[in-house]
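Here is how the chains run, residue by residue.
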Amino acid sequence: MPGSNLEPFQQRAAAAELEIVKLKEEIKLLQGFSNSNIDNEELEKLQTENVKLKHRLAILKRAVESEKSIASGSSCQNPTAMLSIIETLYNLFEKAIGNAYPNLVDPPVIIALGGNDPKFGDYQCNSALPLAKLLRAQGVKASPRDIANNIVSSVKQSPLVEKLEVAGVGFINIFLKRDFAISTLATLVTTGHVPPPCTKRQRVVVDFSSPNIAKEMHVGHLRSTIIGDSISRLLEYLGHDVLRLNHIGDWGTQFGMLVAHLQDRFPDYLTVSPPISDLQEFYKESKERFDKDSEFKKRAYECVVKLQSFHPEVTKAWEMICDVSRKEIQQVYDRLDIKLIERGESFYQSRMEKIVKELEAQGYLDEDDGRKIMWGNEPGNGIPLTIVKSDGGFTYDTSDMAAIKQRIEEEKADWLIYVTDAGQAVHFQIIEKCARRAEILTNKHRMDHVGFGVVLGEDKKKFKTRSGDTVKLTELLDEGLKRALDKLKEKERDKVLTEEELLVAQESIAYGCIKYADLSHNRNHEYVFSFDKMLEDKGNTAVYLLYALTRIRSIARNANVTREQLRAAAATTSVSLSHEKEWKLAKVLLKFPDVLLKITKDLCLHQLCELCYEISTAFTEFYDNCWCVEKNQFGEIVKVNIDRLLLTEATAIIMEQIFLLLGLKPVSKM
Ligand SMILES: NC(=[NH2+])NCCC[C@H](N)C(=O)O
């Protein structure tokens, strides 16, 4: 509430807080009573009273929270923020149900999108049936239909709601107001962008990509990179403070043998940078020596010890090895426009030493055959973490325990997200359990493992080259570029676009289609990598959607109306929503904030791709039925319907925003 006087709110919040204290005391008193020997009838009465008081307490608490957030300004700062319809309706019906049935504790508030037939409303409230059950349990008989009617008469006026209708056995159909849609869409056109819905700002660490030095970065890491980047983009857009971390595997015993091998192969490595071009080959060579040559093996172990105590020459050799890999990885990030901070496992060396001591002192570590392990549940139940190996070394588990502590305590994270293949789900479950057990994580912290299925080739087998090797990502991107260019040439775009425009379109399509194909699939499933499929220009693909956006943008341009003119027109002309197809499109557009908020809950990005596709389909229906620009038989423009061009522009703005969140680059010509 910018500019308003906060005093009355603060006073109300203070009064409500006092009330809570009083109520708490009353509850305590009642609980005390229940232990003494008062008769059953009395007891029952007091218990019912208690339930009612608890309910009032919950309502008051919520009121205090909302007053507080208004007073501190932490709720919506932005008066033009795009409203979440589901959330707004939820609040509206929560109040109505609370008023209609004040004796029910936490009654169910169920708001859903309406079905395909607009006759049955745009949204629905389906609370009446479960409410009837709850009431029956309390000995109150009421039909769901009566309950629905009762709720309807308690719903306050809202700028969102045109009308409510009770249907069937007790569904409440909710019809949206067009004026609300008109003003929302007008704001988009005037400001030129989509103001994000309001959310509470949090510090979020997103751990993604995280390839391993000396092993090839493979398609699994590409999936993690694409999904992690898009999640970060979405959370940043919503106003969160996001730390994007690349937890690369740059530590561990294998580096001992790599360093030892480097010292042998390139004795002057301290002065001349070693010309390693293929780190995989180099890894193979050193592994072979490690397995065969016991003298070498001994030296490799010595190197590990030196590395972990930061011996300067060994550290230098290690850095050189990491650099080879880093350059290759960076190329992939640059091409895909991925930004993230490298903070590999090595960063946590001293913190691992520290946390091991702490966990041990706090009695969390158990001895097991020379290892030190930590259980997430009670001992013997499930799988434990290996915190220290029998040779005294640390493990992947140790580094993740040190990392989680660093992220919570030093980075002050509220929310931790890890994006890896689904195979690591159990690892992260145990890490979370152990971190909660050790009270590193508390109930105010959220942790999510964002898992994903394996990438398959078109033969439905694990994605590999013909010769069975891992596919090099740079080569994969090169192929994408070539295929995208072929596609553009097939459509004879090379004849229309300038060389520069063609290049921009080529890159946008190539990288866009790789990202979109990944993001548009439910991440929990395995997915088939197929250039043929992702480059199709029909259906839910990046190519189709990028084309759709350029086409939408060209409508106004071809009528000689600029974006600036549209922006100015939005102040005086209303967006046209009178035609059924216009209204249908508008309602799809208005779902944008709800889809975003849903994704912050389940972190499944394919829902955003589905919305984008739904928008483009609804747009096509609108465009086929409603003239934006009218022409005579000579093809000359006779009338420009600005009110419809405004709807066109609002559609383009939202689609563009979705592309940005998915990491796609919209192009003006294709
Ligand atoms: N904190 C983490 N464990 N992040 C994920 C690391 C992924 C690991 N380097 C891998 O390639 O599978």
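Thresholds applied
The numbers attached to residues start from 1 for each chain and follow its sequence in the written order. For a predicted model such as this one, the threshold for reporting local features is a pLDDT of at least 70, and the threshold for listing and counting side-chain atom pairs is 80 or more; totals across whole chains, interfaces and linings nevertheless cover every residue. Water and hydrogen atoms were dropped before computing side-chain values, which therefore reflect all heavy atoms in the structure. UniProt positions are given in the numbering used here, feature names are shortened, and annotations may be inferred rather than shown by experiment. Elements are defined by DSSP. Helices are runs of H or I of four residues or more, strands are runs of E of two residues or more, and each kind is numbered from the N terminus. Between buried and exposed lies partly exposed: a residue is buried under 20% and exposed over 50% of the maximum accessible area for its type, with that area taken using a 1.4 Å probe on protein chains only. Residues count as neighbours in contact if any of their non-hydrogen atoms are within 4.5 Å of one another. The method behind every accessible area is Shrake-Rupley, applied with a 1.4 Å probe, and residues are considered shielded solely by the protein chains displayed. Here Asp and Glu are counted as negative and Lys and Arg as positive; His is not counted, and neither are the chain ends. In this description, the location of a charge corresponds to atom NZ of lysine, CZ of arginine, CG of aspartate or CD of glutamate. In this analysis the probe radius is 1.4 Å and the grid spacing 1 Å, with only protein atoms considered; a cavity is a set of points the probe fits into but cannot get out of, a pocket is an open set with protein on both sides within 12 Å along at least five of seven lines, and lining residues have an atom within 4 Å of a point. Grid points are joined across faces, edges and corners, and a volume is the space filled by probe spheres set on the points. In the scheme used here, Gly and all other residues not listed as nonpolar or charged are polar, with Ala, Val, Leu, Ile, Met, Phe, Trp, Tyr, Cys and Pro taken as nonpolar and Asp, Glu, Lys and Arg as charged. Bear in mind that the domain bounds are from an automatic or database domain assignment. The term polar contact refers here to a pair of N or O atoms within 3.5 Å; inside protein, the definition further demands a hydrogen-donor-capable atom paired with an acceptor-capable atom, and it admits residues adjacent in sequence only when both atoms are side-chain atoms. We call two strands paired when DSSP finds no fewer than two bridges between them. Simply put, an axis is a line fit to the C-alpha atoms, just over the touching stretch for a helix, and the angle between two N-to-C directions goes from 0 to 180 degrees. The rule for a residue being near a molecule or strand is that one of its heavy atoms must lie within 4 Å of it. Here the criterion for a molecule occupying a pocket or cavity is that more than half of its atoms lie within 2 Å of the pocket grid points. Working definition of a nonpolar core: buried Ala, Val, Leu, Ile, Met, Phe, Trp, Tyr and Cys residues. They are joined through side-chain atoms within 4.5 Å. Should an angle fall under 35 degrees it is called roughly parallel, over 145 degrees roughly antiparallel, and 65 to 115 degrees roughly perpendicular, with every other angle called oblique. Here a crossing is called left-handed whenever its near helix is offset anticlockwise from the far helix by less than a right angle, and right-handed whenever the offset is clockwise.

The protein chain is annotated in an unreviewed UniProt entry as Probable arginine--tRNA ligase, cytoplasmic from Neodiprion lecontei. Per its UniProt entry, the protein chain bears the Sequence similarities (unreviewed entry) comment "Belongs to the class-I aminoacyl-tRNA synthetase family." Turning to the protein chain, the UniProt annotation filed under Subcellular location (unreviewed entry) states: "Cytoplasm, Cytosol".

Draft legend 1. Spotlight on the overall build of the protein chain. Secondary structure summary: the protein chain contains 23 helices and 16 strands in total. Based on the C-alpha atoms only, the size of the protein chain along its principal axes is roughly 95 × 85 × 50 Å. With 670 residues in all, the protein chain has 49% of them scored as buried. Summarising the internal contacts of the protein chain: among those between residues at least 6 apart in sequence, 73% fall at separations of at least 24. Entry remark: accessible area of the protein chain is about 33200 Å², with carbon and sulfur atoms responsible for 51%. Charged side chains in the protein chain number 90 positive and 97 negative. The centres of these two groups are separated by 3 Å.

Draft legend 2. Fine view of empty space enclosed by the protein. According to the stated counting rule, one finds 3 cavities of 30 Å³ or more in the structure shown. Taken as a whole, the largest cavity spans an internal volume of roughly 150 Å³. Looking at the lining of the largest cavity, the elements that each hand over two or more residues are α9 (279-292), α11 (312-336) and α15 (473-490). The residue inventory of the lining of the largest cavity, partitioned by class, reads 7 nonpolar, 3 polar and 4 charged. Residue contributions to the lining of the largest cavity reach at least three from each of two domains, namely domain 3 (204-234 + 345-455) and domain 4 (254-340).

Draft legend 3. Representation of the environment of Gln-124. Tracing the sequence through the fold places Gln-124 in strand β2 (residues 123-125). Classification of Gln-124 as buried rests on a relative accessible area of 16%. With 276 residues separating them along the chain, Gln-124 and Asp-400 place their C-alpha atoms 44 Å apart. Among all residues touching Gln-124, those that are not within four sequence positions of it are Ile-110, Ile-111, Ala-112, Gly-114, Ile-172, Asn-173 and Ile-174. Within the structure, Gln-124 has its side chain in polar contact with the side chain of Asn-173 (distance 3.5 Å).

Draft legend 4. Summary view of the sheet that holds β2. Within the open sheet, the 4 strands sit side by side as β1-β2-β4-β3. Their pairing is antiparallel. The open sheet terminates on both sides in strands that have one partner only, identified here as β1 (111-113) and β3 (161-167). Taking the axes of each pair of neighbouring strands and ignoring which way they run, one obtains an average angle of 25 degrees across the sheet. Helix-sheet contacts for helix α5 (residues 144-154) involve β3 and β4 (171-176), and the interaxial angle to β3 is about 165 degrees.

Draft legend 5. Broad picture of the site of the ligand. The local shell around the ligand consists of Asp-207, Ser-210, Asn-212, His-221, His-247, Tyr-396, Asp-400, Tyr-418, Thr-420, Gln-424 and Phe-428. Note that an oxygen atom of the ligand is positioned 2.8 Å from one of the side-chain N or O atoms of His-221. In this structure, Gln-424 approaches the ligand through a side-chain N or O atom, which is 2.8 Å from an oxygen atom. With the chains in place, 90% of the 350 Å² that the ligand exposes on its own is no longer accessible. Most atoms of the ligand, that is more than half of them, are within 2 Å of grid points of the second largest pocket. Residue assignment for the shell around the ligand shows that the elements contributing at least two residues are α13 (396-410) and β11 (415-421). Residue composition of the shell around the ligand, grouped by class: 3 nonpolar, 6 polar and 2 charged.

Draft legend 6. Highlighting the layout of surface pockets. When its volume is computed, the second largest pocket comes out at roughly 1100 Å³. Lining of the second largest pocket is provided by 50 residues; of these, Asn-212, Lys-215, Glu-345, Tyr-396 and Gln-424 occupy positions nearest its centre. For the lining of the second largest pocket, the secondary structure elements donating two or more residues are α7 (219-237), α10 (294-308), α13 and β11. When its residues are assigned to classes, the lining of the second largest pocket shows 18 nonpolar, 22 polar and 10 charged. Shared between two domains, the lining of the second largest pocket holds at least three residues of each, these being domain 3 (204-234 + 345-455) and domain 4 (254-340).

Draft legend 7. Quick peek at the nonpolar core. Grouped together as the largest cluster of nonpolar side chains are 141 residues, with contacts concentrated most on Phe-93, Ile-151, Ile-417, Phe-592 and Leu-608. A per-element tally of this core places helix α23 (residues 642-662) first, with 12 residues. Ranked by size, the runner-up nonpolar core spans 58 residues in total, among them Val-205, Ile-248, Ile-355 and Val-356.

Draft legend 8. Region of interest: the sheet that holds strand β5 (residues 203-207). If you walk across this open sheet you meet the 5 strands as β7-β6-β5-β11-β12, and the pairing is parallel. Since the sheet does not close on itself, it has two edges, and those belong to β7 (341-342) and β12 (446-452), each with one partner. Summarising the sheet, β11 and β12 pair through 7 bridges and their orientation is parallel. Residue pairing in the sheet places Val-419 in a bridge with Val-450 of β12. In the packing of α13 onto the sheet, contacts are made with β5, β6 (241-246), β11 and β12, and the angle to β11 comes to roughly 145 degrees.

Draft legend 9. Region of interest: the environment of Ala-438. Residue position: Ala-438 is located in the loop between α14 (425-437) and β12. For Ala-438, a relative accessible area of 13% translates into the label buried. Taking the C-alpha atoms as reference points, Ala-438 and Gly-363, separated by 75 residues in sequence, lie 9.8 Å from one another. Ala-438 has contacts with Leu-359, Tyr-364 and Met-374, leaving out every residue within four places of it along the chain.

Draft legend 10. The packing of helix α22 (residues 606-625) against α23, seen in detail. Running from N to C, α22 and α23 point in directions that differ by 160 degrees, and their axes come no closer than 10 Å. Taken together, the axes of α22 and α23 lie roughly antiparallel to each other. Handedness of the α22/α23 crossing: left-handed. Residue-level inspection shows Leu-608, Cys-609, Leu-611, Cys-612, Ile-615, Ser-616, Phe-619 and Phe-622 of α22 in contact with α23, the latter providing Arg-644, Leu-647, Thr-648, Thr-651, Ile-654, Met-655, Ile-658, Phe-659, Leu-661 and Leu-662. Residue composition of the contact of α22 with α23, grouped by class: 14 nonpolar, 3 polar and 1 charged.

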